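Chain residues, written in single-letter form:
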Amino acid sequence: MLVLDIDGTLLRPDRTISPRVRDAVRRAAGMIPTVLATARPPRSVRAIAEELGLDAPQVNYNGALLWNPRSREAIQHTPLPAETCSTLMTRARSLLAHSVISIEHLDRWYTDRIEERFTTETGKLFAPDFIQPIELLSTLAATKLMFHADPFEIDALRAALEHDFRTGVTFIRTDPDLLQMMNASTSKWLGVRALATHLGIDSTGIMAIGDNENDIEMIRESSLGIAMENACAPAKAAAKWIAPSNADDGVAVAIERFVLDGD
């Protein structure tokens, strides 16, 4: 199975897919199951998967959701309990009253307000499904919980929350102004492994490519874990091979070398 991260890996810095990468992924998908594994929700992956000709199940929200894009249904869903989310939100607001709070539940986005300067890539493409006061959001279990604030504020907020919530919650920072939280029993790698089992694939035959903090375990544990040249240092340290950057068709180079060689 071939597993591809999206942002910083599959996509170029301008958020497009190069023709060489598109061709390589399409050719690989004709040979082996090819899976997208991302922090993004399903709706934000749909156009990318269609451009690549992929309809295999996906790993979304850093592994908290395994999604069937054909039926648009969950294969596996492991959210943060509503009580945990409520406690996290209350604590975050006590530390940082102006933070923007969002909850993703399955493929729906709930937030207390919109601030353009804290817009994610998904937020640039899709409007929230619900804008509600924080008191109403506290009743929801979260596939992914997100806090937005200025980078130096997120630094302090993460340190405080990781001190207070030492079990049950995974904290991930892939963007300077965004802190993501998922159920601690999930991760990209655990999602990939579960999906391999679901598809009847031996998890010892997985090639995974990524670049960021949320890819480190997946890169380290895969049979062939590959980091991009533009990856963070820990992701590179976990990799068995370093591909060229996402600006230099790194995904295509890796696929051509390890999947298509001799095809």
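In this text, all values refer to a predicted model and were calculated from it rather than measured experimentally. (Residues numbered from 1 in each chain as written. Predicted model: local features only at pLDDT ≥ 70, side-chain atom pairs only at ≥ 80, totals over all residues. Heavy atoms only, no water.)

(A) Expanded view of the overall build of the chain. Across its full length, the chain holds 11 helices and 14 strands. In terms of principal-axis extent, the alpha carbons of the chain reach across some 60 × 35 × 30 Å. Split into buried and exposed, the 263 residues of the chain put 51% on the buried side. Contacts in the chain between residues at least 24 apart in sequence constitute 57% of all its contacts with a sequence separation of at least 6. (Helix = DSSP H or I, 4+ residues; strand = E, 2+ residues; numbered from the N terminus. Buried < 20%, exposed > 50% of the residue type's maximum accessible area, 1.4 Å probe, protein only. Contact = heavy atoms within 4.5 Å.)

(B) Geometry of unusual backbone geometry. Phi angles above zero are rare outside glycine, and Leu106 is one such case at about 55°. Looking at the secondary structure, you find Leu106 in the loop between strand 6 (100-105) and strand 7 (108-111). Positive phi is not limited to glycine here, since Asp249 has a value of about 60°. Following the sequence through the fold, Asp249 ends up in the loop between strand 14 (241-243) and helix 11 (250-258). By relative accessible area, Asp249 is classed as buried at 18%.

(C) Spatial organisation of the sheet that holds strand 2 (residues 34-36). One open sheet holds the 5 strands; their spatial order is 2-1-12-13-14, and the pairing between them is parallel. Of all strands in the sheet, those with a lone pairing partner are strand 2 and strand 14, marking the two edges. For this sheet the average axis-to-axis angle between neighbouring strands, irrespective of direction, equals 25°. Bridge count for strand 1 (residues 2-4) against strand 2 is 3 bridges, and the pairing is parallel. Counted as the bridge partner of Val3 is Val35 from strand 2. (Pairing = 2+ DSSP bridges. Axes fitted to C-alpha atoms, helices over the stretch in contact; angles between N-to-C directions.)

(D) A look at the side chain of His148. Within the secondary structure layout, His148 lies in strand 9 (residues 144-148). A residue is classified by how much of its surface remains accessible, and His148, at 5% relative accessible area, is buried. Looking at His148, its side chain comes within polar contact range of the main-chain oxygen of Phe118, at 3.3 Å. Residues contacting His148, with those up to four places away along its chain left out, are Ser99, Val100, Phe118, Thr120, Ile154, Asp177 and Leu178. (Polar contact = N/O pair within 3.5 Å; in protein donor to acceptor, adjacent residues only side chain to side chain.)

(E) Spotlight on the nonpolar core. Ranked by size, the top nonpolar core spans 29 residues in total, and within it Leu10, Val25, Leu36, Ile209, Val251 and Ile255 carry the most contacts. Secondary structure elements with two or more residues in this core: strand 1, helix 1 (6-10), helix 2 (19-29), helix 3 (42-52), strand 12 (207-210), strand 13 (224-228), strand 14 and helix 11. Apart from residues lying up to four places away in sequence, Leu36 is in contact with Leu4, Ile6, Leu10, Val45, Ile48, Ala49, Leu54, Gln58 and Val59. Among the nonpolar cores identified, the runner-up in size contains 24 residues, and Leu88, Ile134, Val169 and Leu179 belong to it. (Core = buried A, V, L, I, M, F, W, Y, C linked by side-chain atoms within 4.5 Å.)

(F) Quick look at the packing of helix 2 against helix 3. Closest axis-to-axis distance for the helix 2/helix 3 pair is 9 Å, and the angle between their directions is 75°. By the angle between their directions, the pair helix 2 and helix 3 is classed as roughly perpendicular. Every residue of helix 3 that contacts helix 2 at Arg22, Val25 and Arg26 is listed here: Glu50, Glu51 and Leu52. Its residues assigned to classes, the contact of helix 2 with helix 3 shows 2 nonpolar, no polar and 4 charged. (Parallel < 35°, antiparallel > 145°, perpendicular 65-115°, else oblique. Nonpolar A, V, L, I, M, F, W, Y, C, P; charged D, E, K, R; others polar.)

(G) Representation of the sheet that holds strand 4 (residues 65-68) within the structure. With respect to topology, 3 strands assemble into an open sheet ordered 3-4-5, the strand pairing being antiparallel. Among the strands making up the open sheet, the edge pair consists of strand 3 (58-60) and strand 5 (73-77). Within this sheet the neighbouring strands show an average axis-to-axis angle of 30°, counted without direction. With 3 bridges connecting them, strand 3 and strand 4 associate as antiparallel partners. Within the sheet, the bridge partner assigned to Asn60 lies in strand 4 and is Leu65. Sheet contacts for helix 3: strand 3 and strand 4; angle to strand 3, the most-contacted strand, approximately 140°. The strands that helix 8 (residues 188-198) touches are strand 3, strand 4 and strand 5; relative to strand 3, the one it contacts most, it runs at about 155°.

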